Amino acid sequence: SDLVFYAASSISFSRYQQSHWLGFWTTVALLILTQVLGQVTRSTTSWFTIGGLFAVQPSQLAVPLIGLSAAVTAARLQMHAFLSVGKYLLLIGIP
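Conventions adopted
- Residues numbered from 1 in each chain as written.
- Predicted model: local features only at pLDDT ≥ 70, side-chain atom pairs only at ≥ 80, totals over all residues.
- Heavy atoms only, no water.
- Core = buried A, V, L, I, M, F, W, Y, C linked by side-chain atoms within 4.5 Å.
- Buried < 20%, exposed > 50% of the residue type's maximum accessible area, 1.4 Å probe, protein only.
- Helix = DSSP H or I, 4+ residues; strand = E, 2+ residues; numbered from the N terminus.
- Contact = heavy atoms within 4.5 Å.
- Phe/Tyr/Trp six-rings, centres within 6.5 Å; stacked < 30°, edge-to-face > 60°.
- Pairing = 2+ DSSP bridges.
- Axes fitted to C-alpha atoms, helices over the stretch in contact; angles between N-to-C directions.

**Q** Residue-level account of the nonpolar core, with values.
**A** Within the largest apolar cluster, five residues are counted, these being Phe24, Val28, Ala62, Ile66 and Leu91. At the level of secondary structure, the elements contributing two or more residues to this core comprise helix 3 (20-37) and helix 4 (58-76). Other than its neighbours up to four places away in sequence, leucine 91 contacts Trp21, Phe24, Ser69, Ala70 and Thr73.

Here you go:
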């Protein structure tokens, strides 16, 4: 996991801003896959296995990626408009 954090920190923030929708929709897809392919462990379905090699918990990935996408969207929208606030709430409500 240290290698993943190191790799993520070496990417410039502007690159994350440019591709925030990719992270958002990837997270949504992973959360849906968890419900479809996930295995029940202790009464919850929060993990799924990729190729039998390792398990993934998409909800942990969702926290920073959805937060980043919400922050970028809020910065770009004019939040004083009612429609903009509705779009923002829809964005953070999807996952």
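Anyway, onward from the coordinates.
**Q** Explain the packing of aromatic side chains residue by residue, including any values.
**A** Tallied over the full model, the rule gives two aromatic pairs. Plain terms: the ring middles of tryptophan 21 and phenylalanine 24 are 5.6 Å apart, the flat faces sit at 85 degrees to each other, and that makes the pair edge-to-face. Of this pair, tryptophan 21 and phenylalanine 24 both sit in helix 3, three residues apart, roughly one helical turn. Overall, phenylalanine 24 belongs to the buried group, its relative accessible area being 1%. With a centroid separation of 4.8 Å and 85 degrees between ring planes, the pair formed by phenylalanine 24 and tryptophan 25 is classed as edge-to-face. Cluster of aromatic residues (ring-pair linked, three or more members): Trp21, Phe24 and Trp25.

**Q** Can you explain the sheet that holds strand 3 (residues 54-56)? Please cite residues and give values.
**A** Read across the open sheet, the three strands follow the order 1-2-3; overall the sheet is antiparallel. Edge strands, defined here as strands with exactly one partner in the open sheet, are strand 1 (39-41) and strand 3. Across the sheet, the mean angle separating the axes of adjacent strands is 45 degrees when strand polarity is ignored. Pairing of strand 1 with strand 2 (residues 44-50) involves three bridges; the strand directions are antiparallel. Looking at strand 2, one finds that threonine 41 is bridged to threonine 44. Helix 3 contacts strand 1 and strand 2 of the sheet and is inclined by roughly 100 degrees relative to strand 2.

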